[in-house]
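Now for the letters of each chain:
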Amino acid sequence: MSWLRRALVAVVALVVLALVATVIAVVAAVRRPWPQTAGTVRLDALERPVDVYRDAFGVAHVYADTTEDLFAAQGFVHAQDRFWEMDVRRHTTAGRLSELFGQSQVETDRVIRTLGWRRVAARELALLRPESVRILEAYARGVNAYLAERDTGDMAFEYAVLGLARPGYEPEPWTPVDSLAWLKAMAWDLRGNIEDEFDRVAYTESLTLEQVEQLWPPFPFDLRAPIVEGSRVTASPRRPAGAIVDGRSRAVLADVSDALAAVPDMLGPAGSGLGSNSMVIAGDRSATGRPLLANDPHLGPQQPSIWYQMALHCRKVSAACPYTVTGYSFSGLPGIVIGHNARIAWGMTNLGPDVADYVLERIVGDTYEYSGQMVDLERRRETIRVAGGDDVQITVRSSRHGPLLSDAVDSLSTVTRHAPDGGESADLAVALRWTALQPGTTFDALPALNLAGDFDEFRAAAALFEVPSQNLVYADVDGTIGYQAPGRIPVRADGDDGRWPVPGWTGAHEWQGFLAFDELPWVRDPPDGFIVAANQPVIADGAGPWLSRDHAYGWRSQRLRELVRGADDLTVAELLETQFDARNGLAATLVPLLVATEVPDDVRAARDLLAGWDLQQTVDSAPGAYFAAVWRHLLHRAFSDDLPPDTAINGGGRWMEVVRRQVASPTATWWDDQRTTEVEQLDDMLRAALADAHAELADVLGADVAAWRWGDLHTLTLRHPTLGSSGVGPIERLFNRGPVRVGGGTSIVDATGWTATAGYDVDWVPSMRMVVDLSNFDASRWIDLTGVSGHAFSPHYTDQVGRWAAGGSIPMRWSVQAVSAAATDQLVLAPTGGQQAER
């Protein structure tokens, strides 16, 4: 027995030692890629030394003597913190994810190759200004200096995980086209209304066209203001085009919609509901006498955040090095996307113009019909290389309108969709006509914005910003505030409004060109003393050029206008508080109706939560939780019986506007449940929704209605974009974070979106918040969703999440004195001088 005990002790000791060794090895592998942030690193990408100061949150301030050194250092720093993210992004935009992740990504690559993002980006490089090309090349040199003499284990822990399935992978050198292709991903995710086009067509399976239009009501300009009130040009409102909507077109469009779902949402859920908030306050409304500018773009949550905070400073501003700018950047892309320089600040929200159309084509073999003639399709062959599998050959075909997306759908290669009136030999295909598939000069806009010193230079920079079209808001140190709508926006044929797919074979639905920049709306120093751009229409219908009919419905924008209109002496802190406002705009309409509804005794306590509610859906609100559940069940009760099976109802601003209008008609057919023999009215739906919501929350949160909390339902999980959804629990736990309890909601200023038919989980967020004080840049504040680091378990992987969730912020330092005082690390990037780079 003594011998057995000693043997067991020895075995246990060996197991413990093995576990300790494993833990040490994993910790070492996790920490191995963390960036060096102090000391000296020698790079052959530099001409002169560069200083990189980091504060307690890891935010880098880069100081250089030349433009080339400044952007080379930015590339190096981006790669230090985010190279895995950069590598995955360029594989995504090139349609090469299968090279990393194998067969599961072939369909994604097939669609992206068909779209041809990288091919367009490669053509754009030749169109850019020489200064832009130099910046892109310098940035690439900095990234490649980081890659030099590092194996993948030194770059990111994700490569170690990838190596378990695909050993031997080595990243390719970075190129300028890798950076430019990211702009195509941005444009795709911010492309506007093509999901609405799909949905409208799908809804015709069970609804009339008149009923479909009721679910996309016009914007209520009598209740909510556009961005620019008044216009410098006039045009007639558009009317819907005569699109072909039948079972055949509906089937082929549904297949294309399913195929496009394979494309990753790089920025978040697409569609006209995607939004952001921005406000500019004139000096006579601020406490400092100088403008304030606030911005919080709403994008999909991910770990790490989509943004990377940093600052780029020329030590001495001169022609050789004219940049000094801070703000939010994208890893993989040189420059600052949103932020401020020494004279101006700018922000962005999605403008959402209609810049894409689905065009139905009649196809016979490799030809398509156009204006009575059969025209050859353009063809190209592409090879998708698959890790661990055989190469896949695809053929991409295009008409004059764009690539045939239907070719990317496997089912359509064997199932013929006969074209209307085209005979048995003609198939129906779908082409995408999209402005981003034409090479442009959007990247030129970034250096120009970073350098702009006044409103005229800001507008000149905006003129270069083609896709994706963004609402650009502006403020400067002299007191000017302004707004500009930029972008390459098509002029459609008379009668076309871009809201439905159109037949391509007639030749009657061609774009007539693009709006000239001088035709696009803008405003300088409006008499109200503020500007709010939150994805509402830029101008009223008929007050200027046709931009779109699919946009946000103004719930957030009008609330922001209410909060700032009556305020004077606004401060940075008050604007940060405004960004965190959680008032539900529809609740003002629905709550009185709900409180007046008779319910069974067991539901009464829950219903009575709504009486006296301040309509704020804050994280710890009990009535906020109940109202969300009632809203979810009301949508299901009222609309799921009318729509095609399994239709997602996100419950966003459009649905809020639909219900706001329909409650004025208590006997409207929408309130009748087609699944019953009774004829229900509004009161019946409200009563049922109150009971359904009570039953759900009692089951999930308990019987005590006073203990219900919105944040217990409404949680945010920060998922790694690739390995975070691997299906392997231990891997997901390494990279994902959360859940995080949050307040806010869809079409609320604190825009933590959720999809009503899916549950309460957060699916888009204020991806960052920023308030710039033009009287004292050091008084500005900002916050990121996660943190600057892309390395799991780094101190800066999630060090901003808590503050973000609570509406907090951190200093957005600017002056040399403030940066130096707050610096916790200083890294010197030095020219190699013939020596090998050190880590």
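So, here is what we can say about the structure in this document. Here the structure is a predicted model, which means the values were calculated and not measured.

### Brief notes about the environment of Tyr474
Structurally, Tyr474 can be placed in strand β17 (residues 470–476). Classification of Tyr474 by relative accessible area gives buried; the value is 0%. In this structure the C-alpha to C-alpha distance between Tyr474 and Val106, which are 368 residues apart in sequence, comes to 43 Å. Side-chain polar atoms of Tyr474 contact the side chain of Asp476, separated by 2.7 Å.

### A few points about the state of the cysteines
Evaluated as defined, the whole model comprises one disulfide. With a sulfur-sulfur separation of 2.0 Å, Cys314 is cross-linked through a disulfide to Cys321. A torsion of -80° about the S-S bond marks the disulfide between Cys314 and Cys321 as left-handed.

### So, the pairing of strand β5 (residues 292–299)
With eight of eight residues buried, β5 lies mostly within the body of the structure. Of the two faces of β5, the one lined by Leu292, Ala294, Asp296 and His298 and the one lined by Leu293, Asn295, Pro297 and Leu299 are each fully buried. Bridge count between strand β4 (residues 276–281) and β5: six bridges; the pairing is antiparallel. Within the sheet, the bridge partner assigned to Ser276 lies in β5 and is Pro297. Two elements, β5 and strand β25 (residues 768–773), share four bridges in a ladder whose sense is antiparallel.

### Digging into the packing of helix α5 (residues 117–125) against helix α8 (residues 176–189)
Two elements in contact, α5 and α8, have axes separated by 8 Å at closest approach and are oriented at 125°. By the angle between their directions, the pair α5 and α8 is classed as oblique. Here the hand of the crossing between α5 and α8 comes out right-handed. The segment α5 lies against α8, with Trp117, Arg118, Val120, Ala121, Ala122, Glu124 and Leu125 engaging Pro176, Val177, Asp178, Leu180, Ala181, Lys184, Ala185 and Trp188. Across the contact of α5 with α8, the residue classes tally to eleven nonpolar, no polar and four charged.

### Thoughts on the packing of helix α18 (residues 622–639) against helix α20 (residues 682–701)
Where α18 contacts α20, the two axes come as close as 8 Å, and the packing angle between them is 125°. In terms of orientation, α18 and α20 fall into the oblique class. The chirality of how α18 crosses α20 is right-handed. Of the residues in α20, those touching α18 at Ala625, Tyr626, Ala629, Val630, Arg632, His633, Leu634, Arg637 and Ala638 are Met685, Leu686, Ala688, Ala689, Leu690, Asp692, Ala693, His694, Glu696 and Leu697.

### Some thoughts on the sheet that holds strand β7 (residues 324–329)
If you trace the eleven strands from one edge of the open sheet to the other, you get β1-β28-β2-β3-β6-β7-β8-β9-β17-β18-β20, paired in mixed fashion. Either end of the sheet is taken by a strand with one partner, and the two such strands are β1 (39–43) and β20 (522–524). Strand-to-strand twist of the sheet, defined as the mean angle between neighbouring strand axes without regard to direction, takes the value 15°. Where strand β2 (residues 50–54) lies against strand β3 (residues 60–64), four bridges are found, and the strand directions are antiparallel. Bridging across to β3, Tyr53 finds its partner in His61. Against the sheet, helix α12 (residues 442–451) engages β7, β8 (338–341) and β9 (344–350), with an angle of about 140° to β9.

About the cut-offs
Residues numbered from 1 in each chain as written. Predicted model: local features only at pLDDT ≥ 70, side-chain atom pairs only at ≥ 80, totals over all residues. Heavy atoms only, no water. Helix = DSSP H or I, 4+ residues; strand = E, 2+ residues; numbered from the N terminus. Buried < 20%, exposed > 50% of the residue type's maximum accessible area, 1.4 Å probe, protein only. Polar contact = N/O pair within 3.5 Å; in protein donor to acceptor, adjacent residues only side chain to side chain. Disulfide = S-S within 2.5 Å. Pairing = 2+ DSSP bridges. Axes fitted to C-alpha atoms, helices over the stretch in contact; angles between N-to-C directions. Parallel < 35°, antiparallel > 145°, perpendicular 65-115°, else oblique. Left-handed = near helix turned anticlockwise from the far one by under 90°. Contact = heavy atoms within 4.5 Å. Nonpolar A, V, L, I, M, F, W, Y, C, P; charged D, E, K, R; others polar.

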